[in-house]
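# Residue-level structural notes
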Amino acid sequence: MVKQAVSDAVLITEPGCMDDSDPTSLPYEIALKRIIASITSITDTETVIIDQALDRVLASDFIALMNVPPAANSAMDGYAVHSSDIPQTGTRQLTLVGKSLAGKPYTQSIARGACVRILTGAVLPEGTDTVIMQEHVMLTADTITIDARTIKGDNVRPIGEDCKRGEVLLRAGTLLTPASLGVIASMGVAEITVTRKLKIAVFMTGDELRSAGEKLAPGQIYDSNRYTLHGMLTRLGIEILDLGIICDDRQAIEQALITAASSADAIITSGGVSVGDADLVKELVEKLGNINFWKVAMKPGRPLTFGKIQNAWFFGLPGNPVSTMVTFYLFVQPALKRLMGQTPTDPVSLKVTCTTTLKKRPGRLEYQRGILTRNQNGELTVSKTGAQGSGILSSMAQANCLIVLPVENDGVMAGGSVEVVPFYGLV
Ligand code: AMP
Ligand code: MG
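Model, not experiment: these values are computed from the prediction.

We now examine the pattern of salt bridges. Enumeration according to the criterion identifies 8 salt bridges in this entry. Close ionic contact of Asp-44 with Arg-196 constitutes a salt bridge, the shortest N to O distance being 2.9 Å. Within this pair, whereas Asp-44 is found in the loop between α2 (28-38) and β1 (45-49), its partner Arg-196 is found in the loop between β12 (191-195) and β13 (199-205), the two being separated by 152 residues in sequence. Taking the shortest distance from any N to any O, the salt bridge between Glu-283 and Arg-250 comes out at 2.9 Å. Highlighted residues: Glu-283 in helix α6 (residues 281-288) and Arg-250 in helix α5 (residues 250-263), separated in sequence by 33 residues.

This is how it looks when you write it as structure tokens:
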């Protein structure tokens, strides 16, 4: 009898982080939209030399000050001629009157029936409009013989072919890549105005945490989130205000939040945002500022808190090391890009065949760690890195992509198709 009563009993509890369906958790898309809708870009700018502008955000449209190339020039080593001298059929002999080299142009006008030797990048002399490849001529000491195969304008790079004076080359909000720095330099511009660097305060909470280099007492673990967070923030070109490890103490956390809010554009913390006794961060953010949301229906990373304290945005990331990284990439990175004025771009995602079976229960969007490779047929395939617990950081280090499993997905059999977001791409 008693046994029966126990097995029939149902405990009414709050959904925990292992529950797949939790009506109080926000869907990923809504959580991200709320963050993006709340944040507006900083407006402060600074002028930097272009050598130091890599990965900074352009503050205003960059307009071409000149034509590039500034004059028509040769795309080949050959002979510059006027197109009216090219025969319709048969061959014609032209007189060789000089040379135009890159940086050393031929300065006189070329009459009909004459031509000049020209090398790649050299300016076309006045009176010429076409370059004949050297492989297509017969050369004597002071003549060339050409045939009909070249047409007007061949092998010439016209003035302004790359950039036309007055056109917008790079829009405000552009992340300055090596290619964009090259474009700016091609205009002879040595300094550029970018949005100022963001300053982000970071601290990790947890009585159990020690820093690398210290000795561990029983029950303690090393703090890895400091290094993953610093790495991800450094890649975004952010100035970090490192407040270190803060123990699970109300006063200590409150003090750290006050210090952070008074000096940073945003605060990122790890740990202390779930519902345990030591999870004080959310409560203190509520006291000092306000919380927009604190739970997202995803795995890993449900207890993600977004709010604001004074003028500083607050991102409370879960302490589990994989959750910290995944929530940073999915929410904090786009938020900080917006804050620094960068025009948003969608992460590149691909549909590929999964070579391993993936377990999942419906109810939450799930990110698993994957290794994207090419099989013998040259097709991209993905396999999971192994166990997917949110504390298994080594699997994040092995991975080169995240496998995205939609909310209602209930697992994937080997050979099925999945969406992946690669960690790296060419920029
Ligand atoms: P919390 O979110 O504080 O409940 O922490 C969840 C789990 O992540 C616990 O097992 C913590 O020990 C672990 N954890 C929290 N912060 C860190 C950190 N900075 N580095 C490594 N593990 C952590
Ligand atoms: Mg903790």
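Having seen the structure, we can now continue with the description.
Turning our eyes to something else, we now look at the environment of Phe-314. Along the chain, the position of Phe-314 falls in strand β21 (residues 312-317). For the pair Phe-314 and Val-332, spaced 18 residues apart in the sequence, the C-alpha separation amounts to 9.7 Å. Non-local contacts of Phe-314, meaning those with residues more than four positions away in its chain, are made with Leu-257, Ile-267, Thr-269, Val-281, Val-285, Thr-305, Phe-306, Gly-307 and Lys-308.

Further remarks concern the domain arrangement of the protein. Partitioning the protein into domains gives domain 1 (19-43 + 197-339), domain 2 (45-68 + 164-195), domain 3 (73-157) and domain 4 (350-425). Each of domain 1 and domain 4 has a C-alpha centre, and the two are 25 Å apart. Listed per partner, the contact involves 19 residues of domain 1 and 16 residues of domain 4. For the pair domain 1 and domain 4, the summed buried area comes to about 1600 Å², and 62% of that belongs to carbon and sulfur atoms. Between the two partners, domain 1 and domain 4, sit 0 salt bridges.

Nonpolar side chains in soluble globular proteins tend to end up buried together. Ile-200, Ile-268, Phe-315, Phe-328, Phe-331, Leu-336 and Tyr-367 are the most contacted members of the largest nonpolar core, which has 45 residues in total. Of all the secondary structure elements, the ones that give two or more residues to this core are α2, β13, α4 (225-235), β17 (266-270), β21, α7 (321-339), β23 (365-374) and β25 (401-405). Per element, the largest residue contribution to this core is 10 residues, and it comes from α7. When residues of this core are sorted by domain, at least three fall in each of domain 1 (19-43 + 197-339) and domain 4 (350-425). Setting aside residues no more than four positions away along its own chain, Phe-331 makes contact with Tyr-28, Ala-31, Leu-32, Ile-35, Val-296, Met-298 and Leu-304.

What follows deals with the packing of aromatic side chains. Inspection of every chain in the model, using the stated rule, returns 8 aromatic pairs. Of the aromatic side chains, those joined through ring pairs into one cluster are Phe-293, Phe-306, Trp-313 and Phe-315. The ring of Trp-313 carries Lys-308 above its face, with NZ or CZ at 4.1 Å from the centroid.

Turning our attention to the sheet that holds strand β4 (residues 78-81). Reading across from one edge, β7-β4-β6-β5-β9-β8 is the order of the 6 strands in this open sheet, with mixed pairing throughout. The outermost strands of the open sheet, each flanked by one partner alone, are β7 (130-133) and β8 (138-139). In the sheet, strand β5 (residues 91-100) pairs with strand β9 (residues 143-147) via 5 bridges, with the strands oriented antiparallel. Counterpart to Gln-93 in the pairing with β9 is Thr-145.

Read from one edge of the open sheet, 6 strands run β16-β13-β17-β21-β20-β18, paired in mixed fashion. In this open sheet, the two strands that pair with only one neighbour each are β16 (239-246) and β18 (290-293). Strand-to-strand, the axes of this sheet are offset by a mean angle of 20°, without reference to chain direction. Across 3 bridges, the pairing between β18 and strand β20 (residues 305-309) is antiparallel. Note on β20: the bridge partner recorded for Asn-290 is Lys-308. Packed onto the sheet, α2 meets β18, β20 and β21 and runs at close to 135° relative to β18. Running at roughly 165° to β13, α4 makes contact with β13, β16, β17 and β21 of the sheet.

On to the site of ligand 1. Inspection of the region around ligand 1 gives 16 residues, with Glu-208, Asp-223, Ser-224, Gly-272 and Gly-319 positioned closest. Backbone polar atom of Ser-224 to a nitrogen atom of ligand 1: 3.0 Å apart, as the coordinates give it. Between ligand 1 and Gly-272, the relevant distance is 2.9 Å, taken from an oxygen atom to a main-chain nitrogen or oxygen of the residue. Here ligand 1, which alone exposes 490 Å², has 76% of that area covered by the protein. For the shell around ligand 1, the per-class residue count stands at 5 nonpolar, 8 polar and 3 charged.

A few words now on the pairing of strand β24 (residues 380-384). Taken together, the 2 bridges between strand β22 (residues 350-354) and β24 define a ladder with parallel strand orientation. When the sheet's bridge partners are listed, Cys-354 is paired in β24 with Val-382. As paired strands, β23 and β24 are joined by 5 bridges and run antiparallel to one another. From the neighbouring strand, Ile-371 faces β24, where its bridge partner is Ser-383.

Cut-off values and rules
- Residues numbered from 1 in each chain as written.
- Chains lettered and ligands numbered in written order.
- Predicted model: local features only at pLDDT ≥ 70, side-chain atom pairs only at ≥ 80, totals over all residues.
- Heavy atoms only, no water.
- Salt bridge = Lys/Arg side-chain N within 4 Å of Asp/Glu carboxyl O.
- Helix = DSSP H or I, 4+ residues; strand = E, 2+ residues; numbered from the N terminus.
- Contact = heavy atoms within 4.5 Å.
- Domains from an automatic or database assignment.
- Buried area = accessible area lost by both parts, 1.4 Å probe.
- Core = buried A, V, L, I, M, F, W, Y, C linked by side-chain atoms within 4.5 Å.
- Buried < 20%, exposed > 50% of the residue type's maximum accessible area, 1.4 Å probe, protein only.
- Phe/Tyr/Trp six-rings, centres within 6.5 Å; stacked < 30°, edge-to-face > 60°.
- Lys NZ or Arg CZ within 6 Å of the ring centre and 35° of its normal.
- Pairing = 2+ DSSP bridges.
- Axes fitted to C-alpha atoms, helices over the stretch in contact; angles between N-to-C directions.
- Near = heavy atom within 4 Å.
- Polar contact = N/O pair within 3.5 Å; in protein donor to acceptor, adjacent residues only side chain to side chain.
- Areas by Shrake-Rupley, 256 points an atom, 1.4 Å probe, with all protein chains shown as cover.
- Nonpolar A, V, L, I, M, F, W, Y, C, P; charged D, E, K, R; others polar.

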